[in-house]
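A structural walkthrough
Each chain is listed here by its residues.
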Amino acid sequence: MTIKKVMVIGAGQMGAGIAQVCAQSGFNVLLNDMNEAALEKGMKNIEKLLTRAVGKKRMTDRDKTDALRRLNSSTELKDAHDCDFVIEAVVENMEVKKKVFGELDAVAPKHAILASNTSSLPITEIAAATNRPEQVIGMHFMNPVPVMKLVEIIRGLQTSDDTYKAIESMTNKLNKTPVEVKDFPGFVSNRVLMPMINEAIYTVYEGVASPEDVDTVMKLGTNHPMGPITLADFIGLDTCLYIMEVLHEGFGDSKYRPCPLLRQYVKAGWLGKKSGRGFYQYS
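Keep in mind it's a predicted model, so treat the numbers as computed, not measured.

**With respect to the packing of aromatic side chains**
Applying the stated rule across the entire model yields five aromatic pairs. Centroid distance Y202 to Y205: 6.1 Å. Interplanar angle 70°. Geometry classified as edge-to-face. Here Y205 and Y202 lie together in helix α7 (residues 189–205), a separation of three residues that amounts to about one turn. Residue Y202 is classed as buried on the basis of its relative accessible area, which comes to 10%. An angle of 85° between the planes, with centres 6.4 Å apart, marks the rings of F234 and Y282 as edge-to-face.

See below:
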């Protein structure tokens, strides 16, 4: 199958990033969001990032113009009627995703592949909301999308070989590195990363060390570019908590129990950088 036209649902940081790399790589792209203000912000952010890339001589003015020409906005899911591939990057909530996939299944062409950028939710369950589970797949990009090379490709129970091969080929065209992952909670990246972050928060909770010292140990002692507490603030503590809950429920293993301090911060509205305060203060 040849993928030419792409729809990305959700114009937030992840969705806009996916739309940008697809447009840069020669695909015709529709960036979709029901919220017009969010859609406008996403489109402007893409143009700003492309302009910055030109300024840093990572691309030419012509490349930027061509990418923007291939990119259009949409506020209606029915615009997927002529798309070969649709990927959602909406809120990390199973019921919301299943609703989106059910609606997409009704409007997208029969040949279209439907993908989710979920970071932890089961692709098999999402696929069950459609009449084409063999054409549903996970495509988990890393943040920030234009910079990070990895894409976890997650096969649901019924995902066909043809669907996998088409998405693997597309990932290569995006100049990303595809890695095939089975459909287990958290996949690989978050199954490994989130328990580490959770354990780092436990060391703060138990008074072993301050957030600053935990980060210093991991940066200087294990050569991490960013400490786990800082990373948690950047990801969003609510997102970290949600993924830990998915892991805890999915595996039923106490080693995935979210730290009480993480729960407390989220209840306080201290969500990290996006709220102005997490384990650190942000102006």
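**Comments concerning helix α8 (residues 211–222)**
Over its twelve residues, α8 extends 16 Å from the first C-alpha to the last, a length consistent with the 16 Å expected when each residue adds 1.5 Å. Residues P211, V214, D215 and M218 constitute the buried set of α8. Projection of α8 onto a plane perpendicular to its axis shows the buried side chains occupying an angular sector of 95°, all on one side. Those residues of α8 that are exposed and aimed more than 90 degrees away from the buried face are V217, L220 and G221. Its buried side turned inward, α8 meets α7 and α9 (228–235). N223 sits one or two residues past α8 and shows a positive phi near 65°.

**Notes on the UniProt feature "domain: 3-hydroxyacyl-CoA dehydrogenase NAD binding" (unreviewed entry) in the protein chain**
With numbering matched to this structure, UniProt assigns "domain: 3-hydroxyacyl-CoA dehydrogenase NAD binding" (unreviewed entry) to residues 5–183. Within residues 5–183, the helical portion is 41% and the strand portion 22%, while the C-alpha atoms at the span's ends are 27 Å from each other.

**Comments concerning the nonpolar core**
Of all hydrophobic cores here, the largest spans 38 residues; its most connected members are F85, M139 and F141. The element best represented in this core is helix α1 (residues 13–24), accounting for seven residues. Filtering out sequence-adjacent residues up to four positions away, M139 remains in contact with F85, I87, A115, S116, N117, V151, E152, I154, I167, M170, T171 and L174. Counting 25 residues, the second-largest nonpolar core is a separate cluster that includes L237, C259, Y265 and Y282.

**A few points about the packing of helix α10 (residues 237–251) against helix α11 (residues 260–268)**
In contact at an axis separation of 9 Å, α10 and α11 are set at 135° when each is read in the N-to-C sense. It follows from the interaxial angle that α10 and α11 lie oblique. Like other packed secondary-structure pairs, α10 and α11 cross with a definite hand, here left-handed. Across from L237, D238, C240, L241 and E245 in α10, the residues of α11 making contact are L262, R263, Y265 and V266. In terms of residue class, the contact of α10 with α11 is built from six nonpolar, no polar and three charged.

**Considering the layout of surface pockets**
Reported here for the largest pocket is a volume of approximately 1600 Å³. Along its surface, the largest pocket is lined by 40 residues, and M14, N143, F234, I235 and T239 are the ones closest to its centre. Secondary-structure elements contributing two or more residues to the lining of the largest pocket are α1, β6 (136–141), α7, α9 and α10. Sort the elements by how many residues they give to the lining of the largest pocket and α7 lands first, with five residues. Residue classes in the lining of the largest pocket are distributed as 20 nonpolar, 13 polar and seven charged. There are two domains that each give the lining of the largest pocket at least three residues, and those are domain 1 (5–182) and domain 2 (190–273). Considered as a void within the structure, the second largest pocket measures approximately 680 Å³ in volume.

**Observations regarding α7**
Taking 1.5 Å per residue, 17 residues should reach 24 Å; α7 reaches 24 Å between its end C-alpha atoms and fits that length. Of all the positions in α7, only S189, N190, M194, P195, I197, N198, A200, I201, Y202 and V204 are classed as buried. Taken together, the buried residues of α7 touch β6, β7 (150–155), α8, α9, α10 and α11.

**Some points on the environment of A232**
Locating A232 in the fold gives a position in helix α9. A232 sits in the buried class, given a relative accessible area of 0%. Here the alpha-carbon distance between A232 and N190, two residues 42 residues apart in the chain, equals 12 Å. Excluding residues that lie within four positions of it along the chain, A232 makes contacts with I197, L237 and C240.

Cut-offs and rules
Residues numbered from 1 in each chain as written. Predicted model: local features only at pLDDT ≥ 70, side-chain atom pairs only at ≥ 80, totals over all residues. Heavy atoms only, no water. Phe/Tyr/Trp six-rings, centres within 6.5 Å; stacked < 30°, edge-to-face > 60°. Helix = DSSP H or I, 4+ residues; strand = E, 2+ residues; numbered from the N terminus. Buried < 20%, exposed > 50% of the residue type's maximum accessible area, 1.4 Å probe, protein only. Expected span 1.5 Å × (residues − 1). Arc of directions from axis to C-beta. Contact = heavy atoms within 4.5 Å. UniProt positions renumbered as here; feature names shortened; annotations may be inferred. Core = buried A, V, L, I, M, F, W, Y, C linked by side-chain atoms within 4.5 Å. Axes fitted to C-alpha atoms, helices over the stretch in contact; angles between N-to-C directions. Parallel < 35°, antiparallel > 145°, perpendicular 65-115°, else oblique. Left-handed = near helix turned anticlockwise from the far one by under 90°. Nonpolar A, V, L, I, M, F, W, Y, C, P; charged D, E, K, R; others polar. 1 Å grid on protein atoms, 1.4 Å probe; cavity = no way out; pocket = protein on both sides within 12 Å on 5 of 7 lines; lining within 4 Å. Points joined across faces, edges and corners; volume = space filled by probe spheres on them. Domains from an automatic or database assignment.

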